[in-house]
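Structure at a glance
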Amino acid sequence: MSNRKLIIAGNWKMNKTPAEASSFIKELKPLIKRSRNEVVCAVPFVDIQTSITAARGSRIKIAAQNMHFEEKGAYTGEVSGQMLKSMGVTYVIIGHSERREYFAETNRTVNKKVIAAYKCGLKPIICVGESLAQREAGLTAEHIRYQVKAALVGVTADQVKKAVIAYEPIWAIGTGRTATAEQAQEVCHIIRMTIKELYSKRVSSVVRIQYGGSVKADNAHELFSMEDIDGGLVGGASLKLSEFAAITAG
Ligand code: PGA
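As the structure is a prediction and not an experimental result, all values here were calculated from the model.

A separate point is the pairing of strand E1 (residues 7–11). Counted residue by residue, E1 has five buried out of five residues, so it is predominantly covered. Burial along E1 is two-sided: the face carrying Ile7, Ala9 and Asn11 and the face carrying Ile8 and Gly10 are both buried. Alignment of E1 against strand E2 (residues 38–42), held across five bridges, turns out to be parallel. Bridge assignment links Ile7 to a residue of E2, and that residue is Glu38. A crossover links E1 with its parallel partner E2, the connecting element being helix H1 (residues 18–31), and its sense is right-handed. Inspection of the sheet shows E1 paired to strand E8 (residues 231–234) by four bridges, in the parallel sense. Among the inter-strand pairings, Ile7 is bridged to a residue of E8, identified as Gly231.

This is the structure we're talking about:
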């Protein structure tokens, strides 16, 4: 076991109104009291304010699910990192596969967002993952290494230590088809070795790497017990109170 603290982040995606977010977080607070893990809720932009208020007095941290890479300007509909930081947001998910697929995010925009997040004091949760076709063609390792390297262009060693990398195989997201603990470990290890190659062994030993893709209470703990897996990015199961609380236990 490493001495990295596990980080369990719920990715709510486009779910819950501000009122629902507030009551969910208030009910979650007592349930996670004894967890030694870091607990994060990545909520829709409009839920951030009530979520932060509801989380007061607990260890729950609030994340955004996206941000723009510019500080401000004529970008209708966008939200900057600075705006998020000023509200008390701690983490920001960057490059989720749904954003890459449906909103034309590229490795280039992911990298710009990562750089911008650090600039305003947010910690990025950087998502990478292969498609089923890439896995079946034996391209997983190459694709993941490329995505990690592209996301980290221009990121310093001190900055990358605060990053969380989420390995989310696209074929496992929302499908109920979880990667086996061995499959997830194999790729998370590749990610750690890529960071080692880019920075150093010491840096690679502190970066936390999550697994995401159909994580549930009944498979989470086996996944999180693997050497290079330091928690999870949880979609569907993070919307259910008892399920999410069970995933954060430990
Ligand atoms: P899922 O989503 O847990 O519903 O598969 C994970 C994610 O997309 O972050």
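Additional details are given in the paragraphs that follow.
Moving on to helix H7 (residues 140–151). Its twelve residues give H7 an end-to-end C-alpha distance of 17 Å, which sits within 8% of 16 Å, the value for a rise of 1.5 Å per residue. Within the sequence span of H7, burial applies to Thr140, Ile144, Gln147, Val148, Ala150 and Ala151. One side of H7 holds all its buried residues, which, seen down the axis, span an arc of 165°. For H7, exposure combined with an orientation more than 90 degrees from the buried face picks out Glu142 and Tyr146. On its buried face, H7 is in contact with helix H4 (97–102), helix H5 (107–119), strand E5 (123–128), helix H6 (132–136), strand E6 (164–167) and helix H9 (181–198).

Now for the packing of aromatic side chains. One pass over the structure, following the stated rule, counts three aromatic pairs. Centroid distance Trp12 to Phe24: 5.3 Å. Interplanar angle 80°. Geometry classified as edge-to-face. Of the two residues, Trp12 sits in the loop between E1 and H1 while Phe24 sits in helix H1, which places them twelve residues apart along the sequence. Each of the two residues, Trp12 as well as Phe24, counts as buried. Lying across the ring of Trp12, Lys16 places its NZ or CZ 5.6 Å from the centre. Above the face of the Phe103 ring, Arg99 is positioned so that its terminal group lies 4.3 Å from the ring centre.

Mapping Arg192 onto the fold places it in helix H9. If we skip the residues at most four places from it in the chain, Arg192 touches Arg4, Ser204, Ser205, Val207, Ile209, Asp228 and Asp230.

Rules behind the numbers
- Residues numbered from 1 in each chain as written.
- Predicted model: local features only at pLDDT ≥ 70, side-chain atom pairs only at ≥ 80, totals over all residues.
- Heavy atoms only, no water.
- Buried < 20%, exposed > 50% of the residue type's maximum accessible area, 1.4 Å probe, protein only.
- Helix = DSSP H or I, 4+ residues; strand = E, 2+ residues; numbered from the N terminus.
- Pairing = 2+ DSSP bridges.
- Right-handed = clockwise from strand over helix to strand, strands pointing away.
- Expected span 1.5 Å × (residues − 1).
- Arc of directions from axis to C-beta.
- Contact = heavy atoms within 4.5 Å.
- Phe/Tyr/Trp six-rings, centres within 6.5 Å; stacked < 30°, edge-to-face > 60°.
- Lys NZ or Arg CZ within 6 Å of the ring centre and 35° of its normal.

Honestly, it's all geometry; don't read function into it.
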